[in-house]
Amino acid sequence: MAGIRDREKRHFPLQQIQDVVNLFKDQFSDSDEPNLAFLSIVLGSIEHILTVNRAVPYNRDASKCIEPIFPVIQLDTIQALFTKFVTLVKSSVDLTQYPGDFATRELVKRVSDVIWSGLTRAYYKDKAHLQSLYSFLTGNKLDCFGVAFGVVAAFQVLGYKDVHLALSEDHAWVVFGKDLKETAEVTWHGKGNEDKRGQPITVGVSEKNWLYLNGQPVICSREIEVAAIVSAINPSINATTDSVEMGALQQELLWQLYDMGHLDKYPMALGNLGDLEELCPTLERPLPVQIFDKAIESAKTYYNEQHVYPYTYLGAYHCRKGNYREALKAWADAASVIKKYNYTREDEEIYKEFLEIANDLLPNMMKSVAGENASRLHGTSLLHDPEAYANFLRFYDGICQWEEDSPTPVLHITWAKQLVFSLGKFDPKVRNYIDIHGEGEEDEEEEEEDEEEEEEEDRRDLERKVPQKEVTKGRKRKRSHKNSENGDEYETKDC
Ligand SMILES: CC1(C)CN=C(N2CCN(c3ncnc4sc(CCF)cc34)CC2)S1
């Protein structure tokens, strides 16, 4: 791994967004890999000045905060931090003990331990701005994504080309070895879960498991790893204010990566770009809906329709715009993905997503539509629209199917109450216009015969194996159990 060369140095000092955009463009300009640690430190230092330590005078009337001009980033600041990272990594790993071009599981665990031991004992891991190596090197703090990224950046420093980031919609790990066949946990996930660092992610773990996207995570190249740190930029200054400069930089860098094709296999980065374009449209660029549709197409093309977020990005957008039919369709499509999974205790993030849609966004949407007299009188309201009603039912059917066979229940009384509230808003006549059949459904009689035959066959099969034993009918649902893991009591950001 080369250090910082003239190719990087000539862009300094960085004084404006375009300088950073040019620096990133240069990183992809020749056969060398982009320097992950260097880029993460640059983005983290800019983010720190524009969001965390805004040494900018507020005028008396705080509502008109003076947006700082872009901070000047000096080369020696970046160089010192990069050297610190390289020294930490190279001094902690004796590579003579790990011959061969490919990483081994022992070495992956060792490098994960090096990053892990560089973290302060206990800190609020859910905080913003803990995703970059700038945070790691100046504050010894990283969120769970940051730890996984740090491991990959460390392996690049050690000269390995096979260790790459794997990203699901709420977790991160690494792939390595010949043909990237091996996987390993390198960070923690969620709150109060024992970390599984060093363990492989087997089919048994990832099958029908949303946290691992049923074996369809984003497997990053070096370019997609750069897209991940750009997507992880957090422009927020506080709960209500974003840095305009930081948001603009993120948007510019995402378009640059988009133009180079490095977002084609990264639906969440496309979703992030769509949200930024809604806030601040770029002339002659695709509209947010077109970008969200590209994210959906990407998930269909590369990830076998196992990703949920492309649809929830689109649904949230349409809901904000008051396009309620389109929001309902997107949410029904999201539920048609989640229904393929079994809900488990580490899936809180996606549970919260569907909870908000079903128990907050949908009821409020129905309320506001019910209040629209004009469309109701003309029968053009969504409440008379069979397509909308069909999507409404498909949404809830997906959630019910998600709960089926799951070890942890999804639904509770609030879900039922909100369902009744929303369902009751539809005009009763709308039921006459929809045909409720699942795909490839047999007619009732045929289906019952098949079921009886299957049950008879199961009984005969079981009696052959275990004579005279009572066969329990149907499925017993185990109540959820939250094994109270010991381990650090700390806030963690899900990842
Ligand atoms: C539709 C939404 C609720 C809006 N924002 C969403 N996200 C914001 C950005 N997110 C992301 N954006 C880019 N890359 C990644 S990798 C990852 C798992 C931890 F490493 C999360 C994530 C997570 C999802 S989903």
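Residues numbered from 1 in each chain as written. Predicted model: local features only at pLDDT ≥ 70, side-chain atom pairs only at ≥ 80, totals over all residues. Heavy atoms only, no water.

### Here we look at the overall build of the chain
Then, in step 1: Looking only at helices and strands, the chain features 19 helices and four strands.
Then, in step 2: When burial is assessed residue by residue, the chain has 48% of its 495 residues classed as buried.
Then, in step 3: Pairs at least 24 apart in sequence give 69% of the contacts found in the chain among residues at least 6 apart.
Then, in step 4: For the chain, the exposed area adds up to about 24,400 Å²; of that, 51% sits on carbon and sulfur atoms. (Helix = DSSP H or I, 4+ residues; strand = E, 2+ residues; numbered from the N terminus. Buried < 20%, exposed > 50% of the residue type's maximum accessible area, 1.4 Å probe, protein only. Contact = heavy atoms within 4.5 Å. Areas by Shrake-Rupley, 256 points an atom, 1.4 Å probe, with all protein chains shown as cover.)

### Quick look at the site of the ligand
Then, in step 1: Around the ligand, a shell composed of 16 residues is seen, among which Ser 168, Ser 231, Tyr 266, Asn 272 and Tyr 313 lie nearest.
Then, in step 2: Measuring from a nitrogen atom of the ligand, one finds a side-chain N or O atom of Tyr 266 at 2.6 Å.
Then, in step 3: Between Tyr 313 and the ligand, the recorded distance is 3.4 Å, taken from a side-chain N or O atom to a nitrogen atom.
Then, in step 4: Elements with a minimum of two residues in the shell around the ligand: helix H11 (267–279) and helix H13 (309–321).
Then, in step 5: A total of three residues in the shell around the ligand trace back to one element, the largest contributor, which is H13.
Then, in step 6: Looking at the shell around the ligand, its residues break down into eight nonpolar, five polar and three charged. (Near = heavy atom within 4 Å. Polar contact = N/O pair within 3.5 Å; in protein donor to acceptor, adjacent residues only side chain to side chain. Nonpolar A, V, L, I, M, F, W, Y, C, P; charged D, E, K, R; others polar.)

### A word on the confidence of the model for the chain
Then, in step 1: Chain-level pLDDT for the chain is 90 on average; 89% of the residues reach the 70-or-more range.
Then, in step 2: Considering only residues more than four positions removed or in separate chains, one finds that residues 467–494, a stretch of pLDDT under 50, has 47 contacts.
Then, in step 3: The ipTM for the predicted assembly is 0.99, set against a pTM of 0.88. (pLDDT = per-residue confidence, 0-100.)

### Some points on the sheet that holds strand S4 (residues 218–219)
Then, in step 1: Sheet architecture is open: four strands sit in the order S3-S2-S1-S4, paired in antiparallel fashion. The sheet terminates laterally at strand S3 (182–184) and S4, the two strands that pair on one side only.
Then, in step 2: Strand contacts of helix H7 (residues 144–157): strand S1 (164–167) and strand S2 (172–176), with the helix running at about 155° to S1, the strand carrying the most contacts.
Then, in step 3: Across the face of the sheet, helix H9 (residues 222–231) comes into contact with S1 and S4 while running at roughly 55° to S1. (Pairing = 2+ DSSP bridges. Axes fitted to C-alpha atoms, helices over the stretch in contact; angles between N-to-C directions.)

### Re a negative patch on the surface
Then, in step 1: Together, Glu 446, Glu 448, Glu 449, Glu 451, Glu 452, Glu 453, Glu 454, Glu 455 and Asp 458 line one region of the surface with negative charge.
Then, in step 2: Within the fold, Glu 446 resides in helix H19 (residues 444–465).
Then, in step 3: On the accessibility criterion, Glu 446 (40% relative accessible area) is partly exposed. (Patch = residues over 30% accessible without salt bridge, like charges linked within 9 Å, V, L, I, M, F, W, Y side chains within 5 Å. Salt bridge = Lys/Arg side-chain N within 4 Å of Asp/Glu carboxyl O. Lys, Arg positive; Asp, Glu negative; His and termini not counted. Charge placed at Lys NZ, Arg CZ, Asp CG, Glu CD.)

### A word on the pairing of S1
Then, in step 1: Neither face of S1 is exposed, since His 164 and Ala 166 on one face and Leu 165 and Leu 167 on the opposite face are all buried.
Then, in step 2: Across four bridges, the pairing between S1 and S2 is antiparallel. Counted as the bridge partner of His 164 is Val 175 from S2.
Then, in step 3: Here S1 folds back onto S2 in antiparallel fashion, the turn holding four residues.
Then, in step 4: Pairing geometry for S1 and S4, over two bridges, is antiparallel.

### Here's the deal with helix H5 (residues 105–117)
Then, in step 1: For H5, with 13 residues, the first-to-last C-alpha span of 18 Å sits near the 18 Å given by 1.5 Å per residue.
Then, in step 2: Listed as buried for H5 are Leu 107, Val 108, Val 111, Ser 112, Val 114 and Ile 115. An end-on view of H5 places all buried positions within 150° of arc, on one side of the element. Seen from the open side of H5, the exposed residues pointing more than 90 degrees away from its buried face are Glu 106 and Ser 117.
Then, in step 3: Next to the buried residues of H5 lie helix H4 (75–92), helix H6 (133–139), H7, S2 and S3. (Expected span 1.5 Å × (residues − 1). Arc of directions from axis to C-beta.)

### Things to note about the pairing of S2
Then, in step 1: Burial runs high along S2: five of the five residues are buried.
Then, in step 2: Every second residue of S2 is oriented toward a common face, with Ala 172, Val 174 and Phe 176 on one face and Trp 173 and Val 175 on the other, all of them buried.
Then, in step 3: With three bridges connecting them, S2 and S3 associate as antiparallel partners. Along S3, the bridge assignment pairs Val 175 with Thr 183.
Then, in step 4: Hairpin connection of S2 to S3: five residues between the antiparallel strands, including Gly 177 at a positive phi of 90°.

### What about the nonpolar core?
Then, in step 1: Phe 85, Leu 165, Phe 354, Phe 395 and Trp 402 are the most contacted members of the largest nonpolar core, which has 137 residues in total.
Then, in step 2: Looking at this core element by element, the count peaks at 11 residues for H7.
Then, in step 3: Excluding its chain neighbours within four sequence positions, the residues that come into contact with Leu 165 are Phe 145, Ala 148, Phe 149, Val 152, Ala 172, Trp 173, Val 218, Ile 219, Cys 220, Glu 225 and Ala 228.
Then, in step 4: In this structure, Ala 166, Trp 173, Val 175 and Leu 211 belong to the second largest nonpolar core, which totals six residues. (Core = buried A, V, L, I, M, F, W, Y, C linked by side-chain atoms within 4.5 Å.)

### Considerations on the pattern of salt bridges
Then, in step 1: According to the stated counting rule, one finds 22 salt bridges in the structure shown.
Then, in step 2: In this structure, Glu 33 engages Arg 222 in a salt bridge whose closest nitrogen and oxygen atoms are separated by 3.0 Å. One end of the pair, Glu 33, is in the loop between helix H2 (17–27) and helix H3 (36–52); the other, Arg 222, is in helix H9, and 189 residues separate them in sequence.
Then, in step 3: Its relative accessible area of 21% is what places Glu 33 among the partly exposed residues.

### A look at the environment of Thr 51
Then, in step 1: Considering the arrangement of structural elements, one finds Thr 51 in helix H3.
Then, in step 2: Sequence separation between Thr 51 and Ser 236 is 185 residues; the distance between their C-alpha atoms is 6.4 Å.
Then, in step 3: Filtering out sequence-adjacent residues up to four positions away, Thr 51 remains in contact with His 129, Asn 234, Pro 235, Ser 236, Ile 237 and Ser 243.
Then, in step 4: Side-chain polar atoms of Thr 51 contact the backbone oxygen of Glu 47, separated by 2.6 Å.

### Re unusual backbone geometry
Then, in step 1: Cis peptide bonds are those with omega within 30 degrees of zero, and the linkage from Phe 12 to Pro 13 qualifies with -10°.
Then, in step 2: Tracing the sequence through the fold places Pro 13 in the loop between helix H1 (6–9) and H2.
Then, in step 3: You will see that His 129, though not glycine, has its phi angle at about 70°, which is positive.
Then, in step 4: Tracing the backbone shows His 129 in the loop between H5 and H6.
Then, in step 5: Of note in this structure, Glu 305 is not a glycine but carries a positive phi near 55°.
Then, in step 6: By secondary structure assignment, the location of Glu 305 is in the loop between helix H12 (288–303) and H13.

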